[in-house]
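For reference, the chains in residue letters:
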Amino acid sequence: MLAGNSTGKEFTITSFGESHGKIVGVVVDGCPAGLPLTEADIQAELDRRIPADPKIVSARIEKDKPRILSGIFEGFTTGAPIAMLVENKEVDSADYKAIKDLPRPGHADYPARIKYGGFNDYRGGGRFSGRVTVALIMAGAIAKKLLSQFDVDVLAYTRSVGKTRSDKKFSIQEIRGNRYKAATRCPDLTCAEKMEEVIVEARKEGESIGGVVECIAVNVPVGVGEPMFDSLDADLAKALFNVPAVKAVEFGLGFGIAELKGSESNDAYVIQDGKVATSTDNMGGILGGLSNGMPILIRVAIKPTPSISAKQKTVDLSTMEDSVISVKGKHDPCVVPKAVPAVEAAVAVILADHMIRAGFIPKVLGNKK
Ligand SMILES: Cc1cc2nc3c(=O)[nH]c(=O)nc-3n(C[C@H](O)[C@H](O)[C@H](O)COP(=O)(O)O)c2cc1C
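This is a predicted model, so every value here is computed, not measured.

Caption draft 1: How the structure looks around the overall build of the protein. The helix and strand inventory of the protein stands at nine helices and 18 strands. At 21 Å, the protein has a C-alpha radius of gyration in line with the 21 Å of a compact globule built from 369 residues. Taken along its principal axes, the extent of the C-alpha atoms in the protein is 70 × 50 × 35 Å. When the 369 residues of the protein are sorted by exposure, 51% land in the buried category.

Right under this line is the structure:
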């Protein structure tokens, strides 16, 4: 895909692999030495990717087994690059041959075919598949483990599916304990069931549905971020927009802040337990591109899955005539539940990079005994 598959300056990740190729993998470089890490850490995050409920996910249910190929010695990171991969097993490319010349509306097929002269691996969406988030989630597993050594926790969950949304204010404990309990990844378990009905209904109609993933990062110290041009919100938004199907990212009150007056939007400073805090978090924990010590609050809008079986207009690129497409194959009727761990991973990777850059995470974690 030409260059552009890496992110980060100190904690860098390079993603590789396609949906129907042999593997999906990632190289993490710059992870400090001395972090305890095993394949089980990566497995735990990958297991969160696919809800154990066949009603709301695609029929492509793969038990991804990660392999760590380098950068670990006697259970700890060494400071050398960490290469990781999973094999693609449940691959059936037949449905894609049939629509090779019929670009799916809403998917990347058309611009990718033009940009890469038709050489791109279009099977299963190739490099544009949601499957590629496996690489991000593996890197995110390392970032999350690293951040946890410094008490930073990144928690994503579903806020809404279509028009069904939970307006509940969740405590951190509730999010931590409940976010992966329901297949829809909503910590409000009553609303989670309603969301599931909405997804099942969409699938029955040959349709798909979108939603909103919310993410909160807690205990990020004050002063993380490098303006300009690497302000924390800019880098987080960039990473999140690289998660397929993300169409909007907002921090704190986001677009809602445009309707307020300064006295309503400003977060007033207060002393809490002897420390500086703010009484509200309308800014989502970021001021001037720097973390301000309050929870970083992000909302991500996920579009409805492009591949739907309902008939849609498209064009036949081999004849240059109008055509119609009904997409077959293994597709998620709603991407939102699977996007939750990907959002968590994207945020964790950027925070790990910026915390190293700002000097909050050293390059070596202690001394080996
Ligand atoms: C976890 C995940 C799973 C996805 N599954 C599907 C799918 O089954 N079918 C599909 O058409 N799109 C799926 N997508 C969305 C497409 O990959 C995405 O819409 C497409 O690459 C175009 O990119 P864009 O939406 O960011 O513009 C998925 C995305 C994610 C994050």
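Caption draft 2: The arrangement of the pairing of strand 2 (residues 12-17) in detail. Where burial is concerned, the two faces of strand 2 differ: the one with I13, S15 and G17 is buried and the one with T12, T14 and F16 is not. Where strand 1 (residues 6-7) lies against strand 2, two bridges are found, and the strand directions are antiparallel. Residue T7 lies in a different strand from strand 2, and its bridge partner there is I13. In sequence, strand 1 turns back onto strand 2 through a hairpin of four residues, with G8 there showing a positive phi of about 100°. Sheet analysis places strand 2 next to strand 3 (residues 23-29), joined by six bridges and oriented antiparallel. Of the residues in strand 3, the one forming a bridge with S15 is V26.

Caption draft 3: Structural detail: the site of the ligand. In the neighbourhood of the ligand, 17 residues make up the surrounding shell, with F128, A245, K303, S307 and H331 lying closest. Between K303 and the ligand, the recorded distance is 2.7 Å, taken from a side-chain N or O atom to an oxygen atom. Within the side chain of S307, one N or O atom sits 2.6 Å away from an oxygen atom of the ligand. Against a free-state accessible area of 630 Å², the protein chains account for coverage of 88% of the ligand. Each residue belonging to the shell around the ligand can be placed in one class, and the counts come to six nonpolar, seven polar and four charged.

Caption draft 4: The arrangement of the environment of L317 in detail. Inspection of the secondary structure puts L317 in the loop between strand 17 (312-316) and strand 18 (321-325). The class of L317 is buried, set by a relative accessible area of 18%. For L317 and Y110, which are 207 residues apart along the polypeptide, the C-alpha to C-alpha distance reads 9.1 Å. Those residues in contact with L317 that lie beyond four places of it in its chain are D101, P103, Y110 and R113.

Caption draft 5: Inspection of the sheet that holds strand 11 (residues 246-251) at higher detail. Across the sheet, five strands lie side by side as 9-8-10-16-11; this open sheet has antiparallel pairing. One side of each edge strand has no neighbouring strand; the edge strands of this open sheet are strand 9 (164-165) and strand 11. Bridge count between strand 11 and strand 16 (residues 296-302): five bridges; the pairing is antiparallel. Of the residues in strand 16, the one forming a bridge with E250 is R299. Each of strand 8 (153-161), strand 10 (211-218) and strand 16 touches helix 9 (residues 336-357); the most contacted strand, strand 8, lies at about 150° to it.

The rules behind each value
- Throughout, residues of each chain are indexed from 1 in the direction in which the sequence is written.
- It should be noted that, the model being predicted, local features are given only for residues of pLDDT at least 70 and side-chain atom pairs only at 80 or more, the latter also being counted only at that level, while totals for whole chains, interfaces and linings use all residues.
- Calculation of side-chain values draws on the structure's entire complement of heavy atoms; hydrogens and water are dropped beforehand.
- The secondary structure listing takes helices from DSSP runs of H or I that are at least 4 residues long and strands from runs of E that are at least 2 residues long, numbered from the N terminus.
- For this measure, only C-alpha atoms enter the radius of gyration; the expected value for a globule follows 2.2 Å times N^0.38, where N is the number of residues.
- Each residue's exposure class comes from its accessible area (1.4 Å probe, protein chains only) as a fraction of the maximum for that residue type: buried when under 20%, exposed when over 50%, partly exposed otherwise.
- For two strands to count as paired, DSSP must find a minimum of two bridges between them.
- Proximity is defined per residue: if any heavy atom of the residue lies within 4 Å of a molecule or strand, that residue is considered near it.
- N or O atoms closer than or at 3.5 Å make up a polar contact, with two conditions inside protein: a donor-capable atom paired with an acceptor-capable one, and, for residues adjacent in sequence, both atoms drawn from side chains.
- The protein chains shown are the only cover counted for residues, whose accessible areas, like all others here, come from Shrake-Rupley with a 1.4 Å probe.
- Throughout, the ten residues Ala, Val, Leu, Ile, Met, Phe, Trp, Tyr, Cys and Pro are labelled nonpolar, Asp, Glu, Lys and Arg are labelled charged, and all others, Gly among them, are labelled polar.
- Any two residues having at least one pair of non-hydrogen atoms within 4.5 Å are treated as being in contact.
- Axis definition: a line fit to C-alpha positions, over the contact stretch in the case of helices; interaxial angles, taken between N-to-C directions, run 0 to 180 degrees.

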